[in-house]
Structure formats: C-alpha cells, structure tokens
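# Results of the structural survey
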Amino acid sequence: MEQNFLLTYLILIPLIGSLLILLIKKEQANLIRYAALAISTVAFILSLIIYFQFDSANSDFQFINKIDWIKGLNISFHVGIDGMSLLLVLLTTFLTPLTLISSWTSIEHKVKEFTFFFLMLEVGMLGVFISLDLFLFYIFWEAMLIPMYFIIGIWGGKERVYAAVKFFIYTMFGSLLMLVAIIWLAVYAIGPLGHFTTNLIELYTVAPLIPMDIQIWMFLAFAFSFAIKVPLFPLHTWLPDAHVQAPTAGSVILAGVLLKMGTYGLLRFNLPLFPEASIQAAPYISTLAIIGIIYGALVAMVQTDVKKLVAYSSVSHLGFVVLGIFAMTQESIQGAIIQMINHGLSTGALFLLVGVIYERTHTREIADYGGLAKLVPVFSFALMFASLSSVGLPGLNGFVGEFLILLGSFKSPILNSWWFTVFAASGVIFAAVYLLWMYQRVVFGPVKNQKLVGIKDMNQREIFVLVPIFILIIWIGIYPGTFLNISDKSTAKVVKQIYNPIKVNPTELGLNQHQTNEVIKR
Amino acid sequence: MFNNTQEFFNVLPIAIIGAGIIISLLIEMYSDKSEALLPWFSVVLFMAAGLHSLYYVGDVSIVMQNMLETGGNVNIFHAMFTLGAAIVCLLSIDYIKKYGTYFGEYYIILQSSVLGMMLMAAAKDLFVIFLGLELMSISFYILAGMNRKKTKANEASLKYFLLGAFATGFIVYGIALIYGSATTTSIDYITTNFEALSGNLLFLTGVLLFLIGFSFKIAAFPFHMWVPDVYEGSPTTVAALFSTGGKAAAFSAILASLFALFNGPAGNLFTPYLAVISLLSMFYGSIVAIAQDNIKRMLAYSSISHAGYLAIGLAAGSHDAVAGVVFYLAAYTFMNLGAFGIVSLIEGKDETNLNINSYAGLGNRQPLLAALLAILMFALAGIPPFAGFFGKYYIFIAAIKSDLTWLAILGVLSSAISVYFYLRIVVLMYFKSSENELVVEPSRTSLIAIIISALIVIILGIFPGTFLEIITKSLIKIF
C-alpha cells in the first residue's frame, strides 16, 4: 500500500516541538511562548494542506500510514483519516494556537512546563483522532490524561487537586474496561481472521460477527468509557469540577476537543463495530442523552458561577450530539459531527471570554457583575455573539447542527418516536433561557460593583484570538456545505455499516467452525 | 563436570558471579582500598554477567548433567537480576555512606544473593531450586539487618528470617513429598510423567506445598505479612533488591519448575488456586496501599498488588502468559528500582523523610528527581506509554486467551484503584507546596542509576516489540 507520511508528521511536529521546548531556558518565557505558537501554527498549516489534498468524494480512510511496531502482536503505527476525523483534526490544530495566544499573560509561572504539556496534549488529541489501530488509539487516549492532569493540577483554581484527581481516575476507570474489551476483540479476531489483531479496518469486518449476548457487553465496555468522556448523564459529575478548576486554556481545550473524543469514539468504534448492539441500545442511550440535554440546561440555569454555567451547558450540548449519533440516520449523524465542531467553537469562545473577564476582575460570580455593556462594549458584543451562537440562533453555527439532529432524530427508524425530538427541542429553548438570562445579568443593568469601574476592554491580542472563531461561526451558519461535504461520504458509510455490516464468513477463509473454536482457544 | 568448553561457556554468567564473590572476599581482606574498589568491582561483575546473558540469549542448552538450563528465558532472567543488582550497587555507594561506617560484606552478600537468584532461574532440578533459594534467602536475611544499630532493621531481619524459614520449610517438605512419590527431583521427569503422578495424592500435596512456599516468596496475599515490615526496616537499596530481584527470582523458579505443568493437562488443577491468590493480592495490595503514609510501606503494598498481576499470568498458564510474566517482571524491576532509588535519596541521613509528605513541593525544589519519580509512578500505575502498561496489556491478553476474562476485568479494576495512591505522590510533588525546604544533592552515580532505570521504563514502554520478540522466540525453543 502506498504510504503517506503527512499524518505522521502532523503528530511529530508538536511531539518534537514539545521536547525542543524543554531545551529552552525557563527564564526565556517569551521565547518559549513564541516557539510553542510557531510549532502549533506549523501543525495547523500542515493540517490545512491535508484538508486541501483530502478527497471528500472518497469514503475510505485516506493518508494511510502503516509502520510495523510490535510485530508479535500485529500492532502497527497505523494512522489514517476520513471526513469525520479530518474535521476534528482541523478543530484541534485550529484551537491549539489560539488557546496558546489566549494564555499569553494569564499563565505566568512555569511557562515552560505549561507549553510542554499543552503541546503533548495536542499530540494525544491528534493521535486519538487519526489512529486506525485500537492499541495505538488506547495509548493516545490514556497518555493524553497525563498532560491534562498536570494542566488542571498545576495551573488550576483553588480546588484544582481534587478536580485533577477526579478527572484522572474517573476517565481511567472507564477506559480500563475498554482495554479489556479491546483485548477481547483482538483475541476474538483470531477465530475468523487467524491472527491476533487490533487493526480497526480488519476488526470492522469481524466484530459484527460477535454473538449478540457478548456483543452487548463489548458495546457497553466501549460506550461506558466514551460516555464518561462525553460526558453522558449520569457520568458527567467530573466535568463541572474539571472545567471550573482548569485554567482558561485548559477549559477551552477540554470543552473544545477533549469531550469530542468521547462522541468521536462512539461514532468510530461503537456503531460500526457492534451494530446490532448499538441498535438495541439506541433508545436507552438516546433517553440518557435527552435527560442530559434537559438536566444540563436546568442545572446551568441556576448556576451563580459563569464558568460552571458554561460547563453545564456543555452537558446539554453534548447530549444533542449523542442523540444525533444514536438516531442513526445520515442527517442526524452529519448534524452530530457539525455540532461537535460548533460546540468546540462556541463553547471555546465562551470559555475564552470568561477567562478574559476573570483575568481583570478575579471573580466569576454572576452577582458580582452587571452593567458591563457600558464599561467594556467590545467584550459585551463578543459575549453576545458567542452566547447567540451557543443558543442556536438561525444564521449562526449552532442552529445548523441542532436542526439536522432534530430532523434526523424525528425520522429515525431506530428511535421510532417523535417524543425524543420534542424533548430535545425543549433543550434549545432552555439554552436560550440560561444563556440570555446570564447575559442580561452580566452585561445590562446598572454597575453595582464599584470594582468593575475602570477595567480595560479587550486588547488586540484577545480580539485576535476570537476573530477567527467568529468567522467560522458565521461561515458554518451561512454556508455549512463546506464542512458538511467533508464528512458526507464518511457518515454515509457509517450508516451503511450499521444496517449492512460487512461481515467475513469464517468458512471462506477455509476454517470450519471447529477449527475456528480451536483457534480461539489457542 | 563439563562435557565440553561450550557448556562452560553457557554457564559463564553464573561462573562469573561465583568467581567474583571469591575475588571480592580477597579484595575485602587484603586491600585497603576496598571501599573504593568493591562497589565498582561489583558493578563491572554484574554488567559482564548481564551482557553475556543478553548476548547469548539464543543459545539454549541443558548443562551439568541436566541440572541447569541456559539461554532463552533463563538468560533474560539472569540479565534482569544482574543489571538490576548493578543499579542497586550504584545506588548503594551513596547510601552506605549514610551509616558512617563502610561494610565491605554488603557487596559480597549482595553478589551471593544474585548467584542464588541465577541458580533458581536456571534450575532443571528441584534441589538446584532449593539451593538457589537458600543462598538468596540467607543473604537477604543478612542484608535486611545490615544496619545493625537500628532496631527496626533488626526487627525486619528477624521477621524476614523467621517467616522466610517457615516458607522454605513448606518448599522443602513439598520437594520431599514430590521425591517420595516420583522417586526423582528432575523437573523434566516430573513434568513428562505428570499425568501418571497426578493420581497420587501425596504428589499433589507436595506440589501444592511447593506452590504455597513460593507464594510467600513472591509476596502474594495471604502470605504477605512480612513484606511491609521488612521493606520498611531494611536499608532502602536492599528493599529495592528484595522487591525486584527477589520477587523475579521466585517467579522464575515457579516458571522453571511448574510452568510445563500449568501449560499441560494439569493446568486446570492449579488455576483456581493461582487465580484466587492473584485476585486477593491485587485488591489487598491496592486498597491497603491507599492508607499508607510511609512511602516504603506504600511501595511494599504496591509490590503485593504487582505480585497479583503477575500471578494472573501464572493462572493463565500459556506461552503468552510466560512471555507476559517475563516482560512484566523486567518492566517492574526497573520501575521499582528507580522508585526505591529516589526514595533512598530523599529519605536523608536518618531516614527521617520517609513520610510521603516529604515529597510535597518536590517538583519546585528538584525538578529532575520529581520528573523521574512522576514517570516511574505513572509507569507503576500502568499508564501508557510506559513499560508498566505494556506488561499489564500482555498479561491481560494471556488471561483473556485462557478464558480468564473475569480475572482480567477484576485486574483492571484493581489497577484503577491503585492509580489513586501512585497519583498521590505526583499530587504532592507538583500540586502542593510545603514549608519543608529539604533539598538533597544526589551523587552522580545514584542519579545515573535512576536515569537508566527510567529510560529503560520508557523504551520498553514505547518499543516493547524487540524485547518481546526475544522472549517469545526463546520460548518456542524451550517448549
């Protein structure tokens, strides 16, 4: 097979870059900042090159690079992308340099360690989205916890230690069960394929053969791990702590990219690997998603802390994504993908804005604010824009995703009930309530808190970070086709894999049932 | 004694250490510079034996009238013991100075314990196992009490001696029963005739006693009582050796003597026993470690839980499982040596800084040591991309292939619990600050030893393939 090294380079740039940063003296904080920015910008440019070379009419994995790694176990460094992963790769490389700029002045101590962990985090996230080998995927999935753990734990707020440890153990617990499932799957593949493998493309043909009674357990092991990351109600309790305690850059990446790893996992692994189990589980998981949408919105409504409010809004928004995935129609899955991007942009922007104002006032209590419109007009406008995008105002990005998900779930043959759509739609209304109400209390009214008087409006650097995000928000809102086209063929393929899984017949490989069992035993 | 020079060449690593002990005795007796000479002589000795074993890993042969085996796994174990011991020597140079007086016998006894380990791994006869075990254990009892003036060290030594002797009693009694029913102590004979022998209750009782005795030595629950006290009381460098070489040697003896049985028709006989002790060790070790304030005791309980993971491999009893156990032991050896190495530096002159709170703020005060310890803690917790993760991965593969999926699931649950106490050290080092202004100045030798351990842990974690190939290839030759 022809090898394409672009994706490998994409991983190597931040990896080598972060190691190089370790060589810079820690006193040269500005040099470190510029170096990290340059490295992540190069990665972004490379991902754009990949985007322009990407053939969106092709539903197969592209840019495949397969290098033998652990031969005894048939594990290879096997990467490749399709439309779904490309969008998330772009989101990752796009947000990383922006968050680095946003933390230019807010991270003052241990800049070197911070940028090192941040670039390592980028390596981990990119790795998760491009791995086509379950072992490789798992390595990235787990290894990524380490930098995030340090980012929350070292640069976080008051309760950072609690939040960091909770984040780490919660996610680790879920993924360890997935590890057992991955190994089980690889051992199972010995039957039909004749060799132990964690190669995803091979497993796509094998896993749907698993008998239903076991398949459901496999599905649950994977889904549990991803549901924690999403986070799906009732596994969301780590999220508010992690979000509130993390530094702004950490929250932006956490909300913008990390949570998507969960929904991406559901889409990449659960649906195509265990189609029958997915269909069976769909109504239950969709119900949890709906509960998440409404619960997240209601809890967000009563928050007194702006950052916590945005954190809970994530629970609600990600509920939409999960609903879209488990409605299992092409519209809903397309909607889910675009909603992942949307959430990354608008929630990312909201966290950035909360960070901007927090840096000036050192408070996040809604009650401490009021009347910002007169004091910091640019900030107020930006917050309005990000809130409206998050609410799903037609013409902005949020609307597109939510509309597609609602449409898809309405006509979903799997869910087969319009109640899901009705309840989900109520979430849109709630979103308007909590965000606009928050906006009203923070920005309008008289200036009650005298400490606010005299704070500076957003500076050029902060505006520079938000402008690209806002351009994309409008772009997706007005012409989503650019982005929908990228993932169109890949989502169509996922849908096909659910309803007509490609199964290999063990007898075709010249093994009869008895031999197959023998192979499994061995 | 030797049929040809080739045979002698194959047992050279064992011979090197044996000759080294005699030379070391002479150095200690007749040289005034013993203090400067002996540590480095030991390091060179261990390196020579270790590199020889690694280089000739493919030369599988049975030597000395079917008493010893060389090549393959045996050589990997030999390399593990000797290179591990070399690291312990490097750490000891600094450590011994803390006591104010110099003990030359320390290095000589260290060498004899390693000789014992090597005999255990190479044994093809139950008597050789016993010989190696006694040589190792008696050396260990002395090493545990090396610091004569400390009460805790005396306690550790005595406790280790009494319980160790008790366990050895089980093993000898087991060997006696096996000999009584099989009329031989040749491992090959016993394994090939196992089916015929297994009808004999006396024989089975013998094997079970033998296994129970070794359960003491690998520090598995419920035979673990000595572990925390002995680790706490012994000199830290010695505890590092107990927890790595000592444990690996016990596992190598189990593999050498009983593996063929597990893998054969009688596998199912012992699986329940091994599965149960593995389960209990994993959970007991992980849960009790959470409550520890003393880092040496914490590492002791962590060592119990690691014995549990390794016992999963024994219970699975397949070729994959042996490869997994060997890989895991190699990874564990270097993770633990590195961790104990850092503990030996931080604990200070009178071992005052053994409380985990001494590690608070270490990330600020000593970035290098803290980063190394963090890597080792993540590795011990089994988080990729470090070696501990791959070891667990491979052992779980073996378990699932042998229909022990339930044990693998419980194994991952226990490692999720263990993450908590490993992370606690990282939390203290990086997320907490302290009034404690303690800064230790590690000597270059200790630092090199720790860096080498950490590098091996990283390299084995990211590129496990080559090492794994060596292990699996040698297995095919042996069985």
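From a predicted model like this one, the values you see are computed outputs, not experimental measurements.

Thresholds, definitions, all that
- Residues numbered from 1 in each chain as written.
- Chains lettered and ligands numbered in written order.
- Predicted model: local features only at pLDDT ≥ 70, side-chain atom pairs only at ≥ 80, totals over all residues.
- Helix = DSSP H or I, 4+ residues; strand = E, 2+ residues; numbered from the N terminus.
- Rg over C-alpha atoms; globule rule 2.2 N^0.38 Å.
- Contact = placed C-beta atoms within 7 Å.
- Buried ≥ 20, exposed ≤ 12 C-beta atoms within 10 Å, placed from the backbone.
- Expected span 1.5 Å × (residues − 1).
- Nonpolar A, V, L, I, M, F, W, Y, C, P; charged D, E, K, R; others polar.
- Pairing = 2+ DSSP bridges.
- pLDDT = per-residue confidence, 0-100.
- Core = buried A, V, L, I, M, F, W, Y, C linked by C-beta atoms within 7 Å.
- Axes fitted to C-alpha atoms, helices over the stretch in contact; angles between N-to-C directions.
- Left-handed = near helix turned anticlockwise from the far one by under 90°.

### Some thoughts on the overall build of chain A
Secondary structure summary: chain A contains 22 helices and two strands in total. A compact globule built from 522 residues should have a C-alpha radius of gyration of about 24 Å, and chain A, at 23 Å, falls within 12% of that. A principal-axis box enclosing the C-alpha atoms of chain A has dimensions of 80 × 55 × 40 Å. A sequence separation of at least 24 residues applies to 81% of the contacts in chain A between residues at least 6 apart.

### Here we look at the overall build of chain B
For chain B, the helix and strand inventory stands at 21 helices and two strands. Compactness check: chain B gives a C-alpha radius of gyration of 21 Å against a globular reference of 23 Å for 479 residues, within 12% of the reference. Its C-alpha atoms give chain B principal-axis dimensions of about 70 × 55 × 40 Å. Relative to its 479 residues, chain B shows a buried fraction of 62%. When contacts within chain B are restricted to residue pairs at least 6 apart in sequence, those whose partners lie at least 24 apart make up 79%.

### Re helix α3 (residues 83-102) of chain A
With 20 residues, α3(A) should cover 28 Å at 1.5 Å per step; its first-to-last C-alpha distance of 29 Å lies within 8% of that length. With respect to burial, α3(A) is a largely interior element, 19 of its 20 residues being buried.

### Looking at the interface of chain A and chain B
Many structure descriptions define interface size as the accessible area lost when the parts assemble. On the side of chain B, 25 residues touch chain A, which itself brings 27 residues to the contact. No other element matches the 15 residues that helix α7 (residues 160-188) of chain A contributes to the side of chain A that touches chain B. Here the side of chain A that touches chain B is composed, by residue class, of 22 nonpolar, two polar and three charged.

### Overview of unusual backbone geometry
A:Phe233 connects to A:Pro234 through a cis peptide bond whose omega is 0°. As for its position among the elements, A:Pro234 is in the loop between α10 (212-229) and α11 (238-245). The linkage connecting B:Phe221 with the following residue, B:Pro222, adopts the cis geometry, with an omega of 0°. Here B:Pro222 is to be found in the loop between α10 (201-217) and α11 (226-233).

### What to know about the environment of B:Thr185
Residues and elements named next belong to chain B. Secondary-structure assignment places threonine 185 in the loop between α7 (151-182) and α8 (187-192). The class of threonine 185 is buried, set by 20 C-beta atoms lying within 10 Å. Those residues within four positions of threonine 185 in sequence are excluded, and the remaining contacts are Asp125, Leu126, Phe127, Ile175 and Tyr179.

### Points about the pairing of strand β1 (residues 62-70) of chain A
Pairing of β1(A) with strand β2 (residues 75-81) of chain A involves six bridges; the strand directions are antiparallel. Bridge pairing in β2(A) places A:Ile70 opposite A:Ile75.

### As for helix α17 (residues 367-380) of chain B
Residue and element names in this part refer to chain B. In a regular helix each residue adds 1.5 Å, so 14 residues correspond to 20 Å; α17 covers 20 Å between its end C-alpha atoms and thus fits that length. The buried fraction of α17 is high, at 11 of 14 residues. Listed as buried for α17 are Leu369, Ala370, Leu372, Leu373, Ala374, Ile375, Leu376, Met377, Phe378, Ala379 and Leu380. With its phi angle positive at about 80°, glycine 382 sits one or two positions after the end of α17.

### Brief notes about the confidence of the model for chain B
For chain B, per-residue confidence averages 86 on the pLDDT scale, and 96% of positions sit at 70 or higher. Taken together, the chains of this predicted complex give a pTM of 0.90 and an interface ipTM of 0.88.

### Brief notes about the nonpolar core
Ranked by internal contacts, the top residues of the largest apolar core, which has 399 residues, are A:Val180, A:Leu353, B:Val325, B:Phe327, B:Leu373, B:Leu376 and B:Val457. When neighbours within four sequence positions are excluded, B:Leu373 is seen to be in contact with B:Ala339, B:Ile342, B:Ile425 and B:Met429.

### Remarks on the pairing of β2(A)
Along β2(A), six of the seven residues are buried, which leaves the element largely enclosed by surrounding structure. Once β1(A) ends, the chain turns through four residues before running back antiparallel as β2(A), passing A:Asn74 with a positive phi of about 55°.

### Looking at the packing of helix α15 (residues 319-346) of chain B against α17(B)
Residue and element names in this part refer to chain B. Close contact between α15 and α17 brings their axes to 9 Å; oriented N to C, the two are set at 140°. Read as a crossing pair, α15 and α17 show a hand that is left-handed. Note on element contacts: α17 touches α15 through Leu369, Leu372, Leu373, Leu376, Ala379 and Leu380, opposite Met335, Gly338, Ala339, Ile342 and Leu345. The residue inventory of the contact of α15 with α17, partitioned by class, reads 10 nonpolar, one polar and no charged.

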